[in-house]
Amino acid sequence: MTVSKRIVLRFPRRLVERPIVYRLVKDYDLEFNILKASITPEEEGLLVLELKGDQKEYDKGIKFLIKAGVKIQSLSQDVTRNEERCTSCGACITVCPTGAFSLDPKTREVLFDNEKCIACGLCIPACPPRAMEVHF
Amino acid sequence: MARTIAEINEKIKAGKAVVFTAEEVIAVAREKGVKKAAQEVDVVTTGTFGIMCSSGAYFNIGHSTPRLKLGGGRAYLNDVPAYTGLGAADLFMGANALPDDDPRNRIHPGEFNYGGGHVIEELVAGKDVRLAATAYGTDCYPRKRLETLINIKDLNEAVLFNVRNAYQNYNVAVNLSDKTIYTYMGVLKPHLGNANYSSAGQLSPLFNDPYYRTIGIGTKIFLGGGIGFVAWQGTQHNPGVPRTEKGIPKEGAGTLAVIGDLKQMSPRWLMGSSVLGYGCSLTVGVGVPIPILSEEMLEYTAVTDADIYAPVIDYSDAFPNNKPDILAEVTYAELKSGRIKVKGKDVPTASRSSYPRAVEIATTLKEWIRTGKFLLTESVQPLPGAESGAVIKPLNERPIEY
Ligand code: SF4
Ligand code: SF4
């Protein structure tokens, strides 16, 4: 079975230089897509990845990462929008740090791009009808 | 040309009324010219869907056996306190009411997940709501405690009564300070990080009848997905503010008090809302039909976002301290472009009220009129106009001598 999941990797400085992602590709045959990469103020590496591959290999790859000292947080479909409750008011647009919300210039509907979302959670309490939901 | 409401109603009944939304009529006026358009168009429909704090509802719950007197006692609906200063079986729930144990802003900014507005939404949605009441007991109303589920379909009356809705124009909120602030106008980032506005602009009811020529007490409207009426001018109705040449107020001006039977409304158009760091409220849908009685009325309804100005106000200082400072005046066309210029800085904008839902309200009202389901009413008394001298005053605080 093939799986595709989005995860946040946080790794200590000593691992920043090591070819971790390369090992995932080479040893576990996983495909990846880097959604975001940065070094935090605490000099921790932060990588948001979309990882795709065989379920068994995927699990092994994750085990490898944990063993290497990487902290993993799942992000797959973490934050979703309840379309019934979204009124397209726009209160979330300037709150989101990654620009996951945009305005359709014609209909003025507020569009949500799940791909850009890093599940920071800032929009959740800022949305008046509570249309944004976190799923763990 | 001149037309009466009676004539328009005859056309509506015959299924022949020509109706456009306040957005559509702009193009009609542009294409045909005001004169011709006024001859052809009978009604223009407007709409707005936004958080409207001074909203609430009253209920008559029916008498229990033995009887209990709510008046002067205490009552809670889903743990949110209701007002019990009325008679034995009447309650009022305001949109901003909060449960006694809500943490409010103790951990700032508070989330305000559930309050009066949410109770109203749940009732409208047909859900059971917990009523808990205590009373002091009298000879005729001996009971002292009551706990029961109630449902809107069993209530004698459930009436939405909003004392201030549909503000004619509103501030654009920004933050000049160096920390994020949490206001009723939303989250405002420091150093002019963003600008929030709250009006449907060209679609908003009172922008399309700026001098209240047709909207008055008794005007039948779209309210919360059902039918309601203008009950009075809203609180803080302030018609005497500066206006543009076309009569459009350049800041918050007129307001409406509206009323309607909650039982025929829908939760799609009355949504409990949570404003981070501020409180609970109700998002309300209001739409007003404007009869084109003259060319003048057609000209008013053809107003565009580019004709409407709003004042940019600093919510870190000027607003809380009641200072009159206006940082800039911008049009709704600029606001809707996504960026405005304030003090030389490019500031991203966001709305607080929903334009797509305002369009949906105006379109729904248009269909109701076109299909003969909704007739217009003559207002029984106009709202105080710009010439009335009505002004809102700040509170004059006076020391109490003991
Ligand atoms: S704040 Fe909530 S309701 Fe408003 S546009 Fe964003 S997701 Fe939709
Ligand atoms: S959770 Fe964060 S990143 Fe995702 S949409 Fe909300 S504000 Fe944007």
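Along each chain, residue indices are assigned from 1 in the same order as the chain's sequence is written. Lettering of chains starts at A and numbering of ligands starts at 1, both following the order in which they are written. Restriction of local features to residues with pLDDT of at least 70 applies here, the model being predicted, together with a cutoff of 80 or more for giving and counting side-chain atom pairs; totals for whole chains, interfaces and linings are based on all residues. Based on all heavy atoms of the structure, the side-chain values leave hydrogens and waters out of the count.

1. Let's talk about the overall build of chain A
Which entries qualify depends on this criterion: Only runs of H or I of at least four residues qualify as helices and only runs of E of at least two qualify as strands under DSSP, and these elements are numbered from the N terminus. Exposure categories follow from relative accessible area, calculated using a 1.4 Å probe and restricted to protein chains: below 20% of the type maximum is buried, above 50% is exposed, and the middle band is partly exposed. The contact criterion used is simple: two residues touch if any of their non-hydrogen atoms lie within 4.5 Å. For the accessible areas, the method is Shrake-Rupley and the probe is 1.4 Å, while residue cover comes only from the protein chains on display. Charge assignment in this entry is limited to Lys and Arg as positive and Asp and Glu as negative, and neither His nor the chain termini are counted. Charge positions are represented by NZ for Lys, CZ for Arg, CG for Asp and CD for Glu.
Helix and strand counts for chain A come out as four helices and eight strands. Listed by position from the N terminus, the elements making up chain A come as β-α-α-β-β-α-β-β-β-β-α-β. Along the first, second and third principal axes, the C-alpha set of chain A runs to 45 × 40 × 25 Å. For chain A, with 136 residues in total, the buried portion stands at 46%. Looking at chain A alone, contacts between residues at least 24 apart form 67% of all its contacts between residues at least 6 apart. For chain A, the accessible area works out to roughly 7700 Å², and carbon and sulfur atoms hold 53% of it. Of note, chain A has its 21 positive side-chain charges centred 4 Å away from the centre of its 19 negative side-chain charges.

2. With respect to the side chain of S88 of chain A
Selection rule: Under this definition, polar contacts are N or O atom pairs within 3.5 Å; protein pairs additionally need one hydrogen-donor-capable and one acceptor-capable atom, and for neighbouring residues in sequence, both atoms have to be side-chain atoms.
Mapped onto the elements of the fold, S88 of chain A is located in the loop between strand 5 (79-81) and strand 6 (101-103). Residue class for S88 of chain A comes out buried when judged on its relative accessible area of 11%. Among the polar contacts made by the side chain of S88 of chain A, one reaches the main-chain amide nitrogen of V110 of chain A at a distance of 3.0 Å. Setting aside residues up to four positions removed in sequence, S88 of chain A forms contacts with R108, E109 and V110 of chain A together with S354, Y355 and P356 of chain B.

3. Structural notes on the site of ligand 2
The following threshold applies: A single heavy atom is enough: if one lies within 4 Å of a molecule or strand, its residue is considered near that molecule or strand. Amino acid classes used here: Ala, Val, Leu, Ile, Met, Phe, Trp, Tyr, Cys and Pro are nonpolar; Asp, Glu, Lys and Arg are charged; the rest, including Gly, are polar.
Residues in contact with ligand 2 amount to 13 residues; listed here are only the nearest, C96, C117, C120, G121 and C123 of chain A. When grouped by side-chain class, the residues that make up the shell around ligand 2 number eleven nonpolar, two polar and no charged.

4. Things to note about the interface of chain A and chain B
In plain terms, the rule: Summed over both partners, buried area is the accessible surface (1.4 Å probe) that two parts give up on being assembled. We define a salt bridge as a contact between a side-chain nitrogen of Lys or Arg and a carboxyl oxygen of Asp or Glu at a distance within 4 Å.
The partner chain B presents 27 residues to the 19 residues of chain A that form the contact. Surface buried jointly by chain A and chain B totals about 1700 Å² across both partners, of which 52% is contributed by carbon and sulfur atoms. It is T94, R108 and P128 of chain A that lose the most area in chain A upon contact with chain B, and together they represent 35% of the buried surface on that side. Our enumeration of links across chain A and chain B arrives at one salt bridge. Its salt-bridge partner being E121 of chain B, residue R85 of chain A comes within 2.9 Å of it at the nearest N-O pair. At the boundary of chain A with chain B, the tally comes to eight residue pairs in polar contact (both at pLDDT 80 or more). A breakdown of the residues in the side of chain A that touches chain B according to their chemical character gives nine nonpolar, five polar and five charged.

5. Quick look at the domain arrangement of chain A
Residue and element names in this part refer to chain A. Filter applied, for reference: Note that the domain bounds were set by an automatic or database domain assignment.
According to the domain assignment, chain A contains domain 1 (2-74) and domain 2 (78-135). Here the C-alpha centroids of domain 1 and domain 2 sit 27 Å apart. Taken together, the contact between domain 1 and domain 2 spans seven residues of the former and five residues of the latter. Roughly 450 Å² is buried in total at the junction of domain 1 and domain 2, and carbon and sulfur atoms are behind 34% of that figure. The largest contributions to the domain 1 side of the interface with domain 2 come from R6, K36 and S74, which together make up 63% of the buried area. Our count for the contact surface shared by domain 1 and domain 2 stands at two residue pairs in polar contact (both at pLDDT 80 or more). When residues of the side of domain 1 that touches domain 2 are traced back to their parent elements, those giving at least two are strand 2 (31-39), strand 3 (45-54) and strand 4 (71-74). Residues that form the side of domain 1 that touches domain 2 fall into these classes: two nonpolar, two polar and three charged.

6. Quick notes on the packing of aromatic side chains
All names here are of chain B. Defined as follows: Two aromatic rings, drawn from Phe, Tyr or Trp (for Trp, its six-membered ring), form a pair once their centres lie within 6.5 Å of each other, and the interplanar angle then sorts them: stacked below 30 degrees, edge-to-face above 60, tilted otherwise. Counting as a charge over the ring demands two things of the Lys NZ or Arg CZ atom: a distance within 6 Å of the ring centre and an angle within 35 degrees of the ring normal.
The tally for this structure, following the rule as stated, stands at 15 aromatic pairs over all chains. Between F222 and W269, the aromatic rings sit 5.7 Å apart at their centres with planes inclined by 85°, giving edge-to-face as the arrangement. Taken as a pair, F222 in strand 16 (residues 220-223) and W269 in the loop between strand 18 (256-261) and strand 19 (270-275) lie far apart in primary sequence, 47 residues in all. Here F222 and W269 have matching classes, each one buried. Members of the aromatic cluster, connected to one another through ring pairs, are Y167, Y170, Y184, Y278, Y315 and F319. Sitting above the plane of the F374 ring, K220 keeps its charged end 4.6 Å from the centroid.

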